[in-house]
Structures are given as structure tokens and as C-alpha cells.
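# Chains, contacts and geometry: an overview
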Amino acid sequence: MTSIPQIRKIVTPIPGPKSQEILKRRSEAVSAGLGMAIPMVVEKAGGGILVDVDGNSVIDMGAGIAVVSVGNSAPRVVANVKQQVESFTHTCFMVAPYLGYIEVAEALNRLTPGTHKKKSVLLNTGAEALENAVKIARSYTKRQAIVVFEHGYHGRTNLTMAMTAKNMPYKESFGPFAPEVYRMPMAYPLRWPGGADACQEEALDFVIHKMEKEIGAKNIAAIVIEPIQGEGGFIVPPRGFLPGLSKFATENGIIFVADEVQTGFARTGQMFACNDEGVVPDLITTAKGIAGGLPLAAVTGRAEIMDSIHASGLGGTFGGSPVACAAALGAIATIEEEDLSARALEMGVIISKALHAMKDKYPVIAEVRGRGAMQAIEFVMPGTLEPNPAALSAIVKYCQEQGVLILTAGTYSNVIRLLPPLVMPENLLREALEILDQAIGSLAV
Ligand SMILES: *Cc1c(COP(=O)(O)O)cnc(C)c1O
């Protein structure tokens, strides 16, 4: 476990004086194009706590956006990384290979859904994994069209901006975007015309009909979907939607790509969110939670698809860095040995109970949704479905003042999402939920 006391403690307003000094330098030195969820400069972190340069200890309900699921500076990650940096830091896997990369590929091939023969390629970022999944799918199928979904998020590179749904802030002024990307309606139960039951009944047929009529099934290289949408606001499609899409893909020679960059690695209470309905994707993209905070990403998939690419068609200078691979092996061992999937489920029960109690009390909450340690609340104007982003700013501010970091999401910027590290002590989790409850209770509406 971490040596950092697992106690929330606020000793200065946030940002404190030392943070303020450094944040001045940040404004001078760093592009204004970068956001900042909380104005605290971090000095150390571990378990469920972030400690800033002023000595404030804040409960971390974001895990660096679902990255440090095993905790910050997790012991196995630290030990592996130390050993690796002392041995060698880089060769480039395409120049001279090393064991760590192969072991990460083996772990991914073993852990991802399906018992078929799989192979992997390692990259640096989620967006790069998506780029590669699309390259592989297009090359294998000799088709071009890529199907994505409303509210989807796949990254910030040119191709992945085209695949991402939300304009502001991800795409605004950054076009032109890559062609042959087609966006389908998402099965979003809360906002489906006619409501959740209609969504359950209609969404799959509607999307399939649209693909057939507007693109033509035989032109589609890949259907790319997050099993639970992350940045979109933790939108969980109704049961049957993902299996139905996967079946349609298989029947039509389309590559079904599950983007599990946010949902993967025990976050939802299973190793991957696709496991929930037994969906076996042809390709799966992973990143965020894979390596305990070091930059690493992967595409894993059917061996015949992954092997269809010409030699040297895939790769990159840093992809599958030995240091990141060592970290990943430490993170994966932590997830398996400490059964963090079970832990995510337990946390999910606590979170879900607390959030539903809030929903019963506060009419600004339209819906509580998610799975395991990936849950969200969507805020509306009471009695309507009109998004309420103003509520969010007040809640985030209240939580920050009390020493709880929470993240937002959603196409309408009206969703609070909880992504705590899976090693957070239960009392901290309950304390953070209690403060979130107070924050919502303090709203004017
Ligand atoms: C974060 C995210 C990405 C992009 O990952 P980066 O590492 O930021 O490039 C892609 N897909 C999903 C589902 C994500 O949550």
C-alpha cells in the first residue's frame, strides 16, 4: 500500500499560495489550449489521495481519467519501472525487441474477450490505438467506411477527431476532418425519442437500417463503439444493442471494434466491459488503465486480422516502450492478484446506492448510470430533460473546496462521472460520496 495517509485534509483554500505561484508559471509557459480540472499543483499521490504543494490532501474521484486504477505509484508498477530503467530505457521494438513488449502482448491476448487466437500491437496513446484499429480494419477488409456513434469519444488526432462526436472543445476550428467516417445515433435510453423502452426496442434496428441504406453494409470496414461511452457521459446502451451490432458486423464481414480505452482493465467490475454481455470484438483498443499511469496503448484482435498487415505497416518509435511495458506488467499483476474487478464491483454497489439515494432527493438528477467503479449522474432542469450544466459548475466547485476532485463529462456538459482508483479505501469513497451529496443539496434549484 501507499505511504500517503488516506485522509482528506484541507489546510489552505485551493489553490493555496504555493500552487498559485506555480500556476502563474503555468500560464506563462504552457499553451492556453490546455484545460485544468482542479487548480492544485500535485506533489505526490497514492491510494485515493492527491497531495498538493501546499499540503492539501484531496480525495481523487478521477484517477487521472480512469488511468491509475491500481493507484498512483502502485508498488508493483514502481518496482518494475525502477528495474527496467536501470536495465535499459529504449531500443525501439522495431529495431531490437525485448521481452516486456511480448509479455504485455501475451497478457492482452489472454485477458481480452474471446478464446480465439489473438495478437496485439502496442502504441502510446488511446487515439493512436484507434488510428491503428482503423488502419488494420481497412487494410483487412479492403473497405473504407468507418461507423461511429453520437456522443462517442475516440481521441484528438485528425482521424479520431473525425470519429469523436462533440464539437466543443474537441473539434472546433480544427478541421477539415478525415473522410469516410459515418456517425450513427447512439442507443441513449434517457434521451431516445420515446424513452428507454423505445430505445430498447428500436435502437438496434434503426441503426442497422441506417447503415444499410446510407452507407451500404458491404462498404463498411469497421463499426467502432465504446461499450459504455466515457466522455459522452457514461451512456450504457440497452442490453442487446452491442451483441446485435456485433452480430450484424460478423454477418456482413465488418470488423467490430470495441474501444475499451476508458472501460477496460477492471473499471466496470469485469476485466473488460464487453464481458458483460459476452460480446467478443474482432479488435479491442486499450490504453488508460493499462499501465498504472505510464503511456501505453494497444490494439488486440483476431490473429488473422492482425497478421494481415504487410511487414512494417504498423509501429512507431516509442510504441510499447520497455518502461511502459514494465509498468503494464506491474499494473496487470496488481489487477489480477488483488482481484480489482471484484473490488470495482464492491465499490459500484456503494456508489450506486449513494447516487440513487441522491436521485430520490434531488429532482435535478435525471439519471444515475454506469457499471462498477464507472458511474455517473446526469443533471437536468427539474421536471424536464433540459440539460443543466450550471448545476455542474456549482457542484464541482463545492467539492473542490471540501477537498474532493470530481470529473465532468457529457455532450451537454451536464454529467458528473466518478472514476475512483480501485484501491481507494472504503471510508474515503463514502466520504467523497457524502460531500457530493452535500454539494448537490446546496444547489439553489
Ligand atoms: C481517452 C479515450 C481515448 C483517447 O485516448 P488518449 O490516450 O487520450 O489518446 C479514446 N477512446 C476512449 C474511449 C477514451 O476514453
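Here's a quick rundown of the structure. (Residues numbered from 1 in each chain as written. Predicted model: local features only at pLDDT ≥ 70, side-chain atom pairs only at ≥ 80, totals over all residues. Heavy atoms only, no water.)

Take the site of the ligand next. Inspection of the region around the ligand gives T125, G126, A127, Y153, H154, G155, E226, D259, V261, Q262 and K288 as its neighbouring residues. Take D259: an N or O atom from its side chain is 2.7 Å from a nitrogen atom of the ligand. In this structure, K288 approaches the ligand through a side-chain N or O atom, which is 2.7 Å from an oxygen atom. With the chains in place, 83% of the 380 Å² that the ligand exposes on its own is no longer accessible. (Near = heavy atom within 4 Å. Polar contact = N/O pair within 3.5 Å; in protein donor to acceptor, adjacent residues only side chain to side chain. Areas by Shrake-Rupley, 256 points an atom, 1.4 Å probe, with all protein chains shown as cover.)

This part covers the packing of helix α11 (residues 340-361) against helix α13 (residues 426-441). Across the interface, α11 lies against α13 with an axial gap of 11 Å and an inter-helix angle of 20°. Between α11 and α13, the angle is such that the two are roughly parallel. The element α11 and its partner α13 pack so that their crossing is right-handed. Along its contact with α11, which presents R343, M347, I350, I351, A354, L355, M358 and K361, the element α13 presents E426, L429, R430, L433, L436, D437 and I440. Tallied by class, residues from the contact of α11 with α13 come to 10 nonpolar, no polar and five charged. (Axes fitted to C-alpha atoms, helices over the stretch in contact; angles between N-to-C directions. Helix = DSSP H or I, 4+ residues; strand = E, 2+ residues; numbered from the N terminus. Parallel < 35°, antiparallel > 145°, perpendicular 65-115°, else oblique. Left-handed = near helix turned anticlockwise from the far one by under 90°. Contact = heavy atoms within 4.5 Å. Nonpolar A, V, L, I, M, F, W, Y, C, P; charged D, E, K, R; others polar.)

We now examine the environment of M168. The topology assignment puts M168 in the loop between α6 (158-163) and β6 (181-184). Classification of M168 as exposed rests on a relative accessible area of 53%. (Buried < 20%, exposed > 50% of the residue type's maximum accessible area, 1.4 Å probe, protein only.)

With that settled, the discussion passes to the sheet that holds strand β4 (residues 118-123). What the seven strands build is an open sheet, ordered β4-β10-β9-β8-β7-β5-β6; its pairing is mixed. Two strands close off the open sheet at either side, each with one partner strand: β4 and β6. Across the sheet, the axes of successive neighbouring strands diverge by a mean angle of 20°, strand direction being ignored. In this structure, strand β7 (residues 220-225) lies alongside strand β8 (residues 255-259), joined through four bridges in parallel fashion. Its bridge partner being in β8, I223 is matched across the sheet by F256. The strands that helix α5 (residues 126-141) touches are β4, β5 (145-149), β7, β8, β9 (283-286) and β10 (297-302); relative to β10, the one it contacts most, it runs at about 25°. (Pairing = 2+ DSSP bridges.)

Note that every value here comes from positions in space, so none of it alone points to a role or purpose.
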